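Overview (structure and organization)
This is what each chain is made of:
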Amino acid sequence: MKSADRDDELFATHPDPVDFTEGHRIEPLIGGQATFAAIERAIEEASRSIHMAYWTLDPALKTTKNIKAETLTDLLREVVKRGVELRIVIADFDPVIGSTFHLDAWNSYRKLSRITEGLDKDATNRLSVMCSRHDTRWGPVARAAAQPILRFKLAEKIAEINEIEPLKERRDAIANAPGLWPFITFDGKSAKVRKNAFPGFYPAAHHEKLCVIDDRIVFLGGLDINAKRQDDWDHDNAFPWHDVACRLEGPVARFFASHFRSRWNEEREDSLAFMKNAMPPDSIAPLPDGIGIPKLDTEVAECPAIEDGVEVKPLRTLSRQNRAWFSRSPRKQIMEIKDAYLDVISKAEDFLYIENQYIRSTPIAKALADRATANKKLELILVLPLIPEDAFVEEEPNIATRHGQYLREKNTDLLYDAFGKRIGIYSMQMPRDDILPDPEKDDADDIIKNTIYIHAKTLVCDDKTAIIGSANLNERSLVTDTETAIVWRDLAGTRVRDYRVLLWQHALDMDTSDWTSDHLSQWNRIAKANAKGDADERQGFIVTFPRRHLDAHARRSWLVPDELV
């Protein structure tokens, strides 16, 4: 596979874009339980290699009990022992602004490093793990101007760590935050910010969720690997979570195998340098040094086409460091996912069905509005979470969250104006309480237990074309963070329709395979009935999304670029 012609050596080894290719088998996976079970089986059956790239991955996760291993750690240890090459990339984050995710990443790294305990040298060498931070960072002028805020946030984080009890857990927190080590001292009991601390800011992240087995089986979509996402079809989790992924086989698997290897080889130098230079404060455990980061072979064998398979086009978002002195966001590089959404939307004839965590991308909202104006029969069904996840975890929304809410409000207004009565926006609620949650008044804990969080990133167009991937409909996913997805079509068959029927079976708890028109009116009928009736009498999970809510949180900020929320 030839490398693409890039304007920078950083992308010299990435695979060229690939157009629609025939011969693929796609198995859509609804929810964490189904997805994790499928990934576990594939890992257990792997014969040569397992390559995993995730935003977050918890090795202590209990398996779905469909295999012998009780935890993910047990499963990974077994495959390494029997000769399978295991390479894992966990996204790292800015240690100051993204400190919670940063600690989680390095905590997982330490857990994964223990897989090698008791293994011989050959088995140990078959395991390699990398915590990789996106190289995009603020330019020198922007970084200097932001020092008062960054130092305040750093001091705030250190004060939070100093309150952790017992002392061992406090030390563990510092040990799992190597990105903070250059900026702090530790006297054995408490940490302090160095007087000369000059933290930077790394605003981008590797957000993809990708697992490649033997270079021929690919799992991708919206699901990371941890207990929070391990929900089932009926949402028995304490925090109900709806997500979508897929299992893919066919020629395009080679593309994603090459993509992983490209990322690995490009990011390993920075990771090795970080590990070498990470000097812990006194009495803090250093990073494990028993795991190497060897370079991967970039040659990947072709994957045979599957008879009567669907057409698939692989998609990515990739960006790189913007070297401008005043830069606050990366330089755009590959935006195949955004281009695919815009292309599919521009050709929609009858209906578009979208499940997504956000609708913060103004270009996507404008494309939908433009198509609605051009095609007066087009209907849009959009499923969103009642409240975005960042609003759940913050006592007081920060300026980025407020700007994101402003974009959601602006874009939904645009869609309502363009589609008129041809649009329906919905959320999903658990049938636990006769009264639907009110995000303006209710306690966050009450909303969480009754709300199904929509984390899926999928689209279905006219029962002929679909998109599944890791990218949200915000500019952060579409131009900034590292993302992977597929667009697939079955123009003469029913497999995209079957996928839509599966999604609606989950949302509506009914078989819609005989629905050929009037989709929106039937969704509206069910949603309105669900809002009025007793919880026990609801049909599925859907309710109408309130057009005006959390208005107090929505506030435009000129300081926050759209491509960072």
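As a reminder, the structure under discussion sits directly above these lines.
We now turn to the structure provided with this report. Treat the numbers as computed from the prediction; the structure is a model and nothing was measured.

**Things to note about the overall build of the protein**
- The secondary structure content of the protein amounts to 16 helices and 20 strands.
- Expected size for 565 residues packed as a compact globule is a radius of gyration near 24 Å; at 23 Å, the protein falls within 12% of this value.
- Seen through its C-alpha atoms, the protein measures out along the principal axes to roughly 65 × 55 × 50 Å.
- Every one of the 565 residues in the protein was classed for burial, and the buried ones make up 59%.
- The long-range share in the protein, meaning contacts at least 24 apart out of those at least 6 apart in sequence, stands at 78%.
- Positive and negative side-chain charges in the protein, numbering 78 and 93 respectively, have mean positions lying 4 Å apart.

**Some words on the side chain of Asp 231**
- Note on placement: Asp 231 falls in the loop between strand 8 (217–221) and strand 9 (241–242).
- Despite being buried, Asp 231 has no salt bridge partner; Arg 432 is the closest side chain of opposite charge, sitting 7.3 Å away.
- A polar atom in the side chain of Asp 231 sits 2.8 Å from the side chain of His 235.

**Remarks on unusual backbone geometry**
- Note the cis peptide between Glu 165 and Pro 166, where omega equals 0 degrees.
- Position of Pro 166 relative to the elements: it lies in the loop between helix 6 (147–162) and helix 7 (167–175).
- Non-glycine residue His 235 carries a positive phi angle of around 60 degrees.
- Turning to its location among the elements, His 235 is positioned in the loop between strand 8 and strand 9.
- With relative accessibility at 1%, the residue His 235 sits in the buried group.
- Positive phi values are uncommon outside glycine, yet Asp 463 reaches one of about 60 degrees.
- Inspection of the secondary structure assignment puts Asp 463 in the loop between strand 17 (458–461) and strand 18 (465–469).

**Some points on helix 10 (residues 362–374)**
- Taking 1.5 Å per residue, 13 residues should reach 18 Å; helix 10 reaches 18 Å between its end C-alpha atoms and fits that length.
- Of all the residues in helix 10, the buried ones are Ile 364, Ala 365, Ala 367, Leu 368, Ala 369, Arg 371 and Ala 372.
- Here the buried face of helix 10 lies against helix 9 (336–346), strand 13 (351–355), strand 14 (379–383), helix 12 (399–419) and helix 14 (475–480).
- Sitting at the head of helix 10, Ser 361 places a side-chain oxygen 3.3 Å from the backbone nitrogen of Ile 364.

**Overview of the environment of Arg 48**
- Turning to its location among the elements, Arg 48 is positioned in the loop between helix 1 (32–45) and strand 2 (49–54).
- Taking relative accessible area as the criterion, Arg 48 reaches 46% and is therefore assigned partly exposed.
- Through-space distance from the C-alpha of Arg 48 to that of Glu 117 is 21 Å; in sequence the pair is 69 residues apart.
- Setting aside anything within four residues of it in sequence, one finds Arg 48 in contact with Gly 83, Val 84, Glu 85, Asp 214 and Asp 215.

**What about the side chain of His 506?**
- For His 506, the location among the structural elements is in helix 15 (residues 495–508).
- Classification of His 506 as buried rests on a relative accessible area of 2%.
- Dropping the residues within four chain positions of it, His 506 is found in contact with Ile 30, Trp 233, His 235, His 242, Met 428 and Phe 541.

**Quick notes on the nonpolar core**
- Ranked by size, the top nonpolar core spans 64 residues in total, and within it Ile 43, Ile 50, Met 52, Leu 76, Ile 88, Ile 213 and Phe 219 carry the most contacts.
- Dropping the residues within four chain positions of it, Leu 76 is found in contact with Ile 43, Met 52, Leu 86, Ile 88, Leu 112 and Ile 115.
- If you look at the next biggest cluster of nonpolar residues, it comprises 53 residues, including Leu 296, Ala 466, Tyr 499 and Leu 503.

**Considering the packing of aromatic side chains**
- Using the criterion set out here, one finds 18 aromatic pairs in the structure.
- Linked through ring pairs, Phe 351, Tyr 353, Tyr 426, Trp 504, Trp 515 and Trp 523 together constitute an aromatic cluster.
- Above the ring of Tyr 202, the side-chain terminus of Arg 133 is found at 3.7 Å from the ring centroid.
- Here Arg 489 stacks its cationic end above the ring of Phe 20, 3.7 Å away from the centre of that ring.

**What about the pairing of strand 8?**
- Of all five residues in strand 8, five are buried; the element is thus mostly enclosed.
- Judged by which residues are buried, strand 8 turns out to be covered on both faces: Ile 217, Phe 219 and Gly 221 on one side and Val 218 and Leu 220 on the other are all buried.
- One ladder, built from four bridges, connects strand 7 (residues 210–213) with strand 8; its direction is antiparallel. Opposite Ile 213, over in strand 8, you have Ile 217 as the bridge partner.
- What sits between strand 7 and strand 8 in their antiparallel hairpin is a turn of three residues, with Asp 214 showing a positive phi close to 55 degrees.
- Where strand 8 lies against strand 10 (residues 244–249), five bridges are found, and the strand directions are antiparallel. Each bridged residue has a counterpart across the sheet, and for Gly 221 the counterpart in strand 10 is Ala 245.

**A look at helix 6**
- Over its 16 residues, helix 6 extends 22 Å from the first C-alpha to the last, a length consistent with the 22 Å expected when each residue adds 1.5 Å.
- Considered for burial, the residues of helix 6 that qualify are Gln 147, Leu 150, Leu 154, Lys 157, Ile 158 and Ile 161. All buried residues of helix 6 lie within an arc of 100 degrees about the axis, which places them on one face of the element. Turned more than 90 degrees away from the buried face of helix 6 sit Pro 148, Ile 149 and Phe 152, all of them exposed.
- Buried residues belonging to helix 6 abut helix 3 (99–113), helix 5 (140–145), helix 7, strand 5 (184–186) and strand 6 (191–193).

**Regarding the pattern of salt bridges**
- According to the stated counting rule, one finds 29 salt bridges in the structure shown.
- Its salt-bridge partner being Asp 172, residue Lys 168 comes within 3.0 Å of it at the nearest N-O pair. Placement of the pair is Lys 168 and Asp 172 together in helix 7, with a separation of four residues, close to one helical turn.
- Close ionic contact of Arg 476 with Asp 481 constitutes a salt bridge, the shortest N to O distance being 2.8 Å. Comparing Arg 476 with Asp 481, the two get one shared label, buried.
- Connected through salt bridges with shared partners, the residues Arg 25, Arg 216, Arg 247 and Glu 249 form a single ionic network.

What counts as what
Residues numbered from 1 in each chain as written. Predicted model: local features only at pLDDT ≥ 70, side-chain atom pairs only at ≥ 80, totals over all residues. Heavy atoms only, no water. Helix = DSSP H or I, 4+ residues; strand = E, 2+ residues; numbered from the N terminus. Rg over C-alpha atoms; globule rule 2.2 N^0.38 Å. Buried < 20%, exposed > 50% of the residue type's maximum accessible area, 1.4 Å probe, protein only. Contact = heavy atoms within 4.5 Å. Lys, Arg positive; Asp, Glu negative; His and termini not counted. Charge placed at Lys NZ, Arg CZ, Asp CG, Glu CD. Salt bridge = Lys/Arg side-chain N within 4 Å of Asp/Glu carboxyl O. Polar contact = N/O pair within 3.5 Å; in protein donor to acceptor, adjacent residues only side chain to side chain. Expected span 1.5 Å × (residues − 1). Core = buried A, V, L, I, M, F, W, Y, C linked by side-chain atoms within 4.5 Å. Phe/Tyr/Trp six-rings, centres within 6.5 Å; stacked < 30°, edge-to-face > 60°. Lys NZ or Arg CZ within 6 Å of the ring centre and 35° of its normal. Pairing = 2+ DSSP bridges. Arc of directions from axis to C-beta.

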